[in-house]
Amino acid sequence: MAALTKNLFWGQGAGEHRLDVIEGHWPADVAGSVFVVGPDKRRPGGHWFAEHGLIEKIHLAPDADGRIRVQHRGVETPVARLRRRLPWLFRKVLFAEVSPFGVTNLANTNVQPLAGRLFVGYDAGRPVEIDPETLDFVTCVGANDEWLQAAPGLLEPLCAVAAHPAPDVDEQALYFVNYNQVSLPGTATETYVARWDLEGPVQRWRVEGMSPFDSIHDIKATEHHLVFTDLPFVIEPAALRGRARTVRNQDHTKLWIVAKADLRATPPGGSVTATEVRIAMSTGHLLVDHEEGDGRRRGILQQIPLSDLMMTMTRDSVAHRSGRSIDPNYEGLIAQAVQPSVVGRYLIDPVTGEVVEADLAVDPERLWGGILFASDTHRPAARRRQRQLWYAGMGFDPDLVPQEWWDLYGDATDGVVPPSELPSEPVAGTLARIDLESMKVAEVFSYDDGAFPSPPTFVPRSGASDPDDGYVVVVVHRDGPKEVQVFDAHHIDAGPLARASAPTFNPGLLLHSCWMDDRAGPRPSSYRVPLRRDVAGAVRGIPGVLRSFVELGGSMRAGRAGGAGRRPAGELNRRRRGTARGR
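These numbers were taken from a predicted model, which means no experiment stands behind them. (Residues numbered from 1 in each chain as written. Predicted model: local features only at pLDDT ≥ 70, side-chain atom pairs only at ≥ 80, totals over all residues. Heavy atoms only, no water.)

**Student:** Please provide a residue-by-residue account of the overall build of the protein chain, values included.
**Tutor:** In terms of regular secondary structure, the protein chain is built from seven helices and 36 strands. In terms of C-alpha radius of gyration, the protein chain reaches 23 Å, essentially the compact-globule figure of 25 Å for 583 residues. Looking at the 583 residues of the protein chain, the share that counts as buried comes to 60%. Taking the contacts inside the protein chain whose residues are at least 6 apart along the sequence as the reference set, 68% of them involve residues at least 24 apart. Taken as a whole, the protein chain presents about 22600 Å² of accessible surface, with 51% of it coming from carbon and sulfur. For the protein chain, the separation between the mean place of its 65 positive charges and that of its 74 negative charges on side chains is 6 Å. (Helix = DSSP H or I, 4+ residues; strand = E, 2+ residues; numbered from the N terminus. Rg over C-alpha atoms; globule rule 2.2 N^0.38 Å. Buried < 20%, exposed > 50% of the residue type's maximum accessible area, 1.4 Å probe, protein only. Contact = heavy atoms within 4.5 Å. Areas by Shrake-Rupley, 256 points an atom, 1.4 Å probe, with all protein chains shown as cover. Lys, Arg positive; Asp, Glu negative; His and termini not counted. Charge placed at Lys NZ, Arg CZ, Asp CG, Glu CD.)

**Student:** Explain the side chain of Ser525 to me, and be specific about the residues and the numbers.
**Tutor:** Residue placement: Ser525 occurs in the loop between strand E36 (513-516) and helix H6 (531-559). Owing to a relative accessible area of 12%, Ser525 belongs among the buried residues under this scheme. In terms of polar contacts, Ser525 uses its side chain to reach the side chain of Glu199, at 2.8 Å. If we skip the residues at most four places from it in the chain, Ser525 touches Arg117, Leu198 and Glu199. (Polar contact = N/O pair within 3.5 Å; in protein donor to acceptor, adjacent residues only side chain to side chain.)

**Student:** Help me get a handle on the sheet that holds strand E29 (residues 388-393), residues and values and all.
**Tutor:** In any sheet, the strands associate via hydrogen bonds between backbone groups, in a parallel or an antiparallel arrangement. In spatial order, the strands read E28-E29-E30-E31; together these four strands make up an open sheet with antiparallel pairing. Across the chains shown, the open sheet's two edge strands, defined by having one partner strand only, are strand E28 (370-374) and strand E31 (440-446). Neighbour to neighbour, the strand axes of the sheet diverge by 25° on average, direction disregarded. In this sheet, strand E30 (residues 430-435) lies alongside E29 in antiparallel orientation, the contact comprising six bridges. What sits directly across from Leu389, in E30, is Ile434. (Pairing = 2+ DSSP bridges. Axes fitted to C-alpha atoms, helices over the stretch in contact; angles between N-to-C directions.)

**Student:** Help me get a handle on the packing of aromatic side chains, residues and values and all.
**Tutor:** The description of two aromatic rings rests on the distance between their centres and on the angle between their planes. Applying the stated criterion across every chain yields a total of 16 aromatic pairs. Arranged with centres 5.0 Å apart and planes meeting at 50°, the rings of Trp368 and Phe396 form a pair that is tilted. Residue Trp368 is found in the loop between strand E27 (355-362) and E28, and its partner Phe396 is found in the loop between E29 and helix H5 (403-409); the two are separated by 28 residues along the sequence. An aromatic cluster of at least three residues, connected via ring pairs, comprises Tyr179, Phe213, Phe228 and Trp256. When the ring centre of Phe9 is taken as origin, the NZ or CZ atom of Lys41, which lies over that ring, is 5.6 Å away. The ring of Tyr192 has Arg204 lying over it, and the distance from NZ or CZ to the ring centre is 4.4 Å. (Phe/Tyr/Trp six-rings, centres within 6.5 Å; stacked < 30°, edge-to-face > 60°. Lys NZ or Arg CZ within 6 Å of the ring centre and 35° of its normal.)

**Student:** Describe in detail empty space enclosed by the protein, supporting the description with residues and values.
**Tutor:** This structure, assessed with the given rule, holds eight cavities of 30 Å³ or more. Considering only enclosed or pocket space, the largest cavity measures out at about 100 Å³ in volume. Lining the largest cavity are 13 residues, with Leu4, Leu333, Ala337, Met394 and Leu400 positioned closest to its centre. Here the residues of the lining of the largest cavity sort into 10 nonpolar, two polar and one charged. Approximately 60 Å³ is the volume attributed to the second largest cavity. For the second largest cavity, the full set of lining residues is Gln303, Ile304, Pro305, Ser307, Gln336, Gln339, Pro340, Ser341, Val342, Gly369, Gly370 and Tyr391. (1 Å grid on protein atoms, 1.4 Å probe; cavity = no way out; pocket = protein on both sides within 12 Å on 5 of 7 lines; lining within 4 Å. Points joined across faces, edges and corners; volume = space filled by probe spheres on them. Nonpolar A, V, L, I, M, F, W, Y, C, P; charged D, E, K, R; others polar.)

Here is the structure:
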């Protein structure tokens, strides 16, 4: 029987809770709010990511009764409102939703604050802005005709924009990656980097020098460069027809580095060249130091060996170990908690792409199933050089290794622990602090009874100025009422300073989070994209999108005889890459 909590996807939707502090003392030197976004999933089934976005706002200052206020509100985009009125026009396809209006921007993946404003990202849609005080939808970022469109729609053509933009605090700007998700396998798809100054039009530059990739999820900005990474998130055509997967995910990461100077020297609409870097093991998320004192880029990667974000538990899933059906409460959970948590630190030459130094922080005895990490990105010294990382892990459950995953990865040689040597007993969920200077797991707090924390959010201590001085706030998923817990950021292994909960508090498993201070006064911008302009831009883009479909179809017919595509799982698993590995 699986040990992981079954209380993952029984969310409650929009609503409000007031949590009692049931243990410990809530810190007095915290302010602002933690924002979390994720799929508004209210029952198991389908794909974890395949629901419209839900915002969770955790007010960190207790109310007059000493309670912690938590709000949940749907991200009310124009298409979300249309879906509520015209549900029969919408259809789910795997983790996506389509309609005559286009590919729905589910706005459910990432939250990014900048300049007193809050933006929500989703990999298959434009960023949107919500008001951090009211949680109301404000506007899409950029009109449809300011982005590359990959599939047609009357209101929301598919504009694939990496869910994690790069905030540049010094420039007061956001950088994005915008690319074509509809392309021939094995070909380098049309890709752009974009810059937005929070008020004017989105400016884009086409990126040359990129080899084929699955998808792009994250971009970060240093003082002089942009760095972005691929994500193993590919849809195999057989899966669309309900057939078993035959192709496993890639066993490496690709990073691309673009000089900001090249953007300044090139008019928007022109082309810039990226330096490509290849690193062993796939990657989920990226951090970089803003400082560039030695001419080399220091990157921190959340690496996810043997994870498969497109493989979910279904009603037909059986456990590899026992051959028994997996409990239906886990339907929708992805195959992520199958290896120890891994954080990689890489020193890279941005001109040649050479990995000058590589190191891994990994603890196979204690840390498994890494989900998300957090760091101090609020203080200038912390942004200049990342020193600490807080990592939440789901743990490992031998009864939640599906046979489908084993069929693709059972003979893999590119993980940390070979599949044949996976633990026979469960490993607990954890919150850990990782020292990025020594690349050691500095401290760990483990949870009992299948509970785990996600996501972790770093909250700066009010009045303090030192980097990494603050707290880590987590939502704990467990059987029974869930909890909000707060830890001293440098005493994780001492356990939570305070636990807050209520008998009716049961949010679903969400995704990324951030901290924002309370805003004083009205929204500091009048920026909005008029709906009329958005519709006009979507309609004008239809002929170009259809032409690209025709060209794609011709390429597919021409390449069919050549067997274009990925290598089968067994062949890829038997090969070891000669790329950078940690010491």
